[in-house]
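Reading the structure
In case you want the letters, here they are:
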Amino acid sequence: MNQQPHPAADNVRPLHSHADETDAIDTTAMPHDLEAEQAVLGAMLLPGPNRTQTAVIAEVTSRIGAEDYYRPAHATIHTALVAMHEHGHAVDPILLTHHLSKTGDLNRVGGAAYLHRLVQAVPTAANADYYAEIVAEKADERRIIETSTRATSRVRSGMGDSAGIAADAAAELSTLRTAERWPAPVPLGTTAPLPSFPVDALPAWVGEHVAAVAEFTQTPPDMAATMALAALSTAAGGRVHIQIRPGWVEQSNLYLVCAMPPASRKSDVFAAMTAPIYEVEKQLQDETRAARVEAETAKEAAEAEAEALMAKARKADGGDPAALVAEASAARMLAEDIVVPPKPRLTVSGDVTPEPLTHQLAVHRCLAVLSPEGDLFDIIAGRYSARPNLGVFLKAHKGERLETDRITREQPSTDRPALTIGVTPQPSVLQDLGEAHGARDRGLLARFLYALPPSNLGYRKTRTAPVPEQVSSTYAARLDALLRTLLTLPESVTVAMDAHADQAVEALQAEVEVQMRPDHRLEHLQDWAGKLVGTTARVACLLHLAERLTDGWGDPVAASTVQRATEITRYYTEHALAVFDLIGSDPATEDARTILDWLGRPKTDGTYRRAIKRRDAVAASRRFRTVAQVDPALQLLEAHGYLKAEEPARTGRVGHPSSVTYRVHPGLQKPTDGDHAR
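Residues numbered from 1 in each chain as written. Predicted model: local features only at pLDDT ≥ 70, side-chain atom pairs only at ≥ 80, totals over all residues. Heavy atoms only, no water.

1. Side note on the overall build of the protein chain
- When its secondary structure is counted, the protein chain shows 25 helices and 13 strands.
- A total of 678 residues make up the protein chain; the buried ones form 46% of that total.
- Sequence-distant contacts in the protein chain: of pairs separated by 6 or more residues, those separated by 24 or more amount to 75%.
- Put simply, the protein chain shows about 33300 Å² of open surface, and 53% of that area lies on carbon and sulfur atoms. (Helix = DSSP H or I, 4+ residues; strand = E, 2+ residues; numbered from the N terminus. Buried < 20%, exposed > 50% of the residue type's maximum accessible area, 1.4 Å probe, protein only. Contact = heavy atoms within 4.5 Å. Areas by Shrake-Rupley, 256 points an atom, 1.4 Å probe, with all protein chains shown as cover.)

This is the structure:
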């Protein structure tokens, strides 16, 4: 017998219904859009052929969470779908049905048929983020109503004073996302907070000194750590090579720069980290002084004797001129055979010009330019010449043969020169370097590891403990021992990597290679990133030598050492991205600013551009003549969060296909009365 429903239950509907559930819902209730919710879920379940499922899910979840759905069943589906994806499981209606069946939620969300309906409900997965935006907007509208209702209820019931109620309501409303769907873009020329140097990756005796110096001077550890690597490079650069695998050998010298503003105590940090180098250099000069003076005296005497014989031959007073000339020639040859040892040098001044530096490398082969200032960069940037000689800096990093015929007859060339650079200039000096003729095009900028730490000015302690004597003496003694051990090597030696270290390098190669592809973070730094793996091997060599000096430093380099070196070069990678942005050496920066200015101006009808294509950007400025010219600027704007590229089918060519559409960050739009469309 069928019972009639109780009148009080007229407004109660079943939790599930096999009828059209969208029709069963009261559309006069709280704001919602069930079609948008269904389209969002359908897009995540079965993305289109031109969008990966990972991309769609990431885009949706960056805008909404399960709590933003109006229908509880949709929240359950969203949670399950995202959980499956995060655990690496494939997701489609059948697999999701199986998952929800196991959790006991399948019937509560409408059954398998409803999941298939979700897929049918999505017009195109390409618009998933737009559907999600609608869902988010409706969720915010509901929260506004709920906040207003709570405030009204509290006022009417006398629960709290009006100021407190208003403040609570304002706090709740401030969390709404209706004003902004995207994270704020990163301004051109700046970056997100940069990582601090991984001091723990350094050998213990180096890391302890770095930390102590940074604390005492109240400076970022980045500066002391960078100069510590420069000190290790001074000792080993050119004297020890690292073989990653047969046929691939790198030198161990580095080019390092840590840019800091004035009043950052650069000189104090520089002195603390490099003092042992200058002390060893002075001791070597003192130890060889007597031998040099003796050789100089002997050479001068022999030259004087040869000159006297030549004078006598010129007069030829009754003697045999031919015999006198032969005797004078023999004396001159004897004088030339006397070799005066060069004054030992480990370093040259920071304001050295290319020609004297070339000569000094021809004499000493392994040298370091260490300076707390940026004089070297001023010279490279053209202090004395509009077209500076970059050849010595390029070749001495790689160890390529250096020709010096115009400098000295005694040293016409040198094989495998090795130059170390460790400087701490002001950031503005880097900008000047970026504008130097050929600095980017010829690969000089790509040879440096950059650090751009934030300044501690205004936040420094007024009283700090000095560097512990044991820490500073250990650092000095170990660096002294490293220098003297490697200086006495009769010729350069090569240290190999073990098989596991080689595999670690191979993994890094694969990672970096992907990052240099179009649309990836290192695409516009291919010149710098192309040297990153080799630089990591150099750093690993220095770490190995510093740790194994008294315990088999000739043994193969281990994988753990490569991993710590990779941690260090990852740090420098983040800072390189910031530095190249700062110096504006990439022409795309100015192009990007031009496009950004155009996007901030309204169209003739008063509305703003919500999406653009490459050809639109070309037409916006006379700077561009082809769509290829505008690509780097668009990719830079995308990397900074001003644009988001839709992903149409790839054409097989490098870069975005010509039909790509870039969505414009809402923050660039200043809506007018005639601009209401979302």
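There is more to say after this.
2. Some thoughts on the sheet that holds strand E8 (residues 418-423)
- The strand order across the open sheet formed by five strands is E4-E5-E8-E3-E9, and the pairing between neighbours is parallel. Edge positions in the sheet fall to strand E4 (347-348) and strand E9 (448-451), since each of these pairs with one other strand and no more.
- Note: E4 against strand E5 (residues 366-371), two bridges, orientation parallel. Paired with Val348 across the strands is Val369, a residue of E5.
- Running over the sheet, helix H11 (residues 266-287) touches E4, E5 and E8 and is turned about 145° from E5.
- In this fold helix H22 (residues 559-583) packs onto strand E3 (255-258) and E9, with an angle of close to 85° to the strand it touches most, E9. (Pairing = 2+ DSSP bridges. Axes fitted to C-alpha atoms, helices over the stretch in contact; angles between N-to-C directions.)

3. Some details on the packing of aromatic side chains
- Going through the model one piece at a time under the given rule, you end up with eight aromatic pairs.
- Each ring, one from Phe377 and one from Phe448, has its centre 5.3 Å from the other, and the planes form 85°; the classification is edge-to-face. Taken as a pair, Phe377 in helix H15 (residues 375-380) and Phe448 in strand E9 lie far apart in primary sequence, 71 residues in all. Each member of the pair Phe377 and Phe448 is classed as buried.
- Seen from their ring centres, Phe448 and Tyr450 are 6.0 Å apart, and the 40° between their planes marks the pair as tilted. Residues Phe448 and Tyr450 agree in their burial class; the two are buried.
- Cluster of aromatic residues (ring-pair linked, three or more members): Tyr255, Phe377, Phe448, Tyr450 and Phe580.
- The cationic tip of Arg71 hangs over the ring face of Tyr114; the distance from NZ or CZ to the ring centre is 5.0 Å. (Phe/Tyr/Trp six-rings, centres within 6.5 Å; stacked < 30°, edge-to-face > 60°. Lys NZ or Arg CZ within 6 Å of the ring centre and 35° of its normal.)

4. Remarks on the packing of helix H17 (residues 427-434) against H22
- The contact between H17 and H22 brings their axes to 8 Å, and the two run at 70°. When the axis of H17 is compared with that of H22, the two are roughly perpendicular. Viewed along their axes, H17 and H22 form a crossing whose handedness is right-handed. Listed contacts from H22 to Pro427, Leu430, Gln431 and Gly434 of H17 are Val579, Leu582 and Ile583. (Parallel < 35°, antiparallel > 145°, perpendicular 65-115°, else oblique. Left-handed = near helix turned anticlockwise from the far one by under 90°.)

5. A look at helix H4 (residues 72-86)
- End to end, H4 covers 21 Å across 15 residues, agreeing with the expected 21 Å (1.5 Å per residue, within 8%).
- Where H4 is concerned, the buried positions are Ala73, His74, Ala75, Ile77, His78, Ala80, Leu81, Val82 and Met84.
- Turning to H4, the residues buried within the fold contact helix H2 (34-45), helix H3 (53-61), helix H5 (93-103) and helix H6 (111-121).
- Where H4 terminates, the next one or two residues include Gly88, which has phi positive at roughly 80°. (Expected span 1.5 Å × (residues − 1).)

6. Here we look at the confidence of the model for the protein chain
- Looking at the protein chain, pLDDT values average 83 and 85% of them are 70 or higher.
- Here residues 654-658 scores under 50 on pLDDT; set against residues more than four positions off or in separate chains, the count is 16 contacts.
- Below a pLDDT of 50 lies the segment residues 671-678, which in the model reaches 11 contacts outside its immediate sequence neighbourhood of four places, other chains included. (pLDDT = per-residue confidence, 0-100.)

7. A closer look at the pattern of salt bridges
- With the rule as written, the count across this model stands at 23 salt bridges.
- Overlapping salt bridges bring together Asp68, Asp140 and Arg143 as one network. (Salt bridge = Lys/Arg side-chain N within 4 Å of Asp/Glu carboxyl O.)

8. So, the sheet that holds strand E1 (residues 240-245)
- Reading across the sheet, the three strands line up as E2-E1-E10 and stay open at both edges, with mixed pairing between neighbours. Each having just a single partner strand, strand E2 (248-250) and strand E10 (493-496) make up the two edges of the open sheet. Along the sheet, successive strands turn relative to each other by an average axial angle of 35°, direction set aside.
- The pairing of E1 with E2 spans three bridges and is antiparallel.

9. With respect to unusual backbone geometry
- The phi angle at Arg365 is positive, at roughly 70°, despite the residue not being glycine.
- Turning to its location among the elements, Arg365 is positioned in the loop between helix H14 (354-364) and E5.
- On the basis of relative accessible area, Arg365 is assigned to the partly exposed category, the value being 22%.
- Of note in this structure, Arg416 is not a glycine but carries a positive phi near 50°.

10. Side note on the nonpolar core
- Membership of the largest hydrophobic core comes to 110 residues, with the highest contact counts inside it found for Phe393, Tyr450 and Trp528.
- Apart from the residues within four sequence positions on either side, Tyr450 is in contact with Val257, Leu430, Leu445, Trp528, Tyr572, His575, Ala576, Val579 and Phe580.
- Counting residues in hydrophobic clusters, the runner-up holds 34 residues, among them Ala80, Val91, Tyr114 and Ala128. (Core = buried A, V, L, I, M, F, W, Y, C linked by side-chain atoms within 4.5 Å.)

11. Notes on the packing of H2 against helix H7 (residues 128-157)
- Where H2 contacts H7, the axes come no closer than 8 Å and their chain directions differ by 140°. In terms of orientation, H2 and H7 fall into the oblique class. As H2 runs across H7, the sense of the crossing is left-handed. Contacts between H2 and H7 involve Ala36, Glu37, Ala39, Val40 and Ala43 on the former and, on the latter, Ala128, Tyr131, Ala132, Ile134 and Val135.

12. Here we look at a negative patch on the surface
- Taken together, the side chains of Glu296, Glu300, Glu303, Glu336 and Asp337 make up a negatively charged region of the molecular surface.
- Where the negative patch is concerned, the elements lending two or more residues are helix H12 (289-315) and helix H13 (321-337).
- The element best represented in the negative patch is H12, accounting for three residues.
- You can see Glu336 is positioned in helix H13. (Patch = residues over 30% accessible without salt bridge, like charges linked within 9 Å, V, L, I, M, F, W, Y side chains within 5 Å. Lys, Arg positive; Asp, Glu negative; His and termini not counted. Charge placed at Lys NZ, Arg CZ, Asp CG, Glu CD.)

13. Some remarks on the side chain of Thr234
- Relative to the helices and strands, Thr234 is located in helix H10 (residues 221-236).
- A polar contact is formed between the side chain of Thr234 and the backbone oxygen of Ala230, at a distance of 2.8 Å.
- Leave out the neighbours within four places in its chain, and Thr234 touches Arg239, Ile277, Leu346, Ala368, Leu370, Thr420 and Leu483. (Polar contact = N/O pair within 3.5 Å; in protein donor to acceptor, adjacent residues only side chain to side chain.)

14. Description of the pairing of E8
- Counting buried residues in E8 gives six out of six residues, a clear majority hidden from the surface.
- Here E8 shows two buried faces, one formed by Ala418, Thr420 and Gly422 and the other by Leu419, Ile421 and Val423.
- As defined by bridge partners, E3 adjoins E8 across three bridges and the pair is classed as parallel. When the bridges of E8 are listed, Tyr255 appears paired with Ile421.

15. Thoughts on the environment of Thr464
- Within the fold, Thr464 resides in the loop between E9 and helix H18 (469-487).
- Separated by 249 residues in the primary sequence, Thr464 and Glu215 have C-alpha atoms spaced 7.1 Å apart.
- What Thr464 contacts, discounting residues up to four positions off in sequence, is Glu215, Phe216 and Gln218.

16. Quick word on helix H25 (residues 627-639)
- The end-to-end C-alpha distance of H25, which contains 13 residues, comes to 18 Å, matching closely the 18 Å that a straight helix rising 1.5 Å per residue would cover.
- Within H25 the residues assigned to the buried category are Val630, Asp631, Ala633, Leu634, Gln635, Leu636 and Leu637.
- Structurally, H25 contributes buried residues whose contacts are with helix H23 (588-599), strand E11 (611-613), helix H24 (614-620), strand E12 (643-645) and strand E13 (661-664).
- Gly641 sits one or two residues past H25 and shows a positive phi near 90°.

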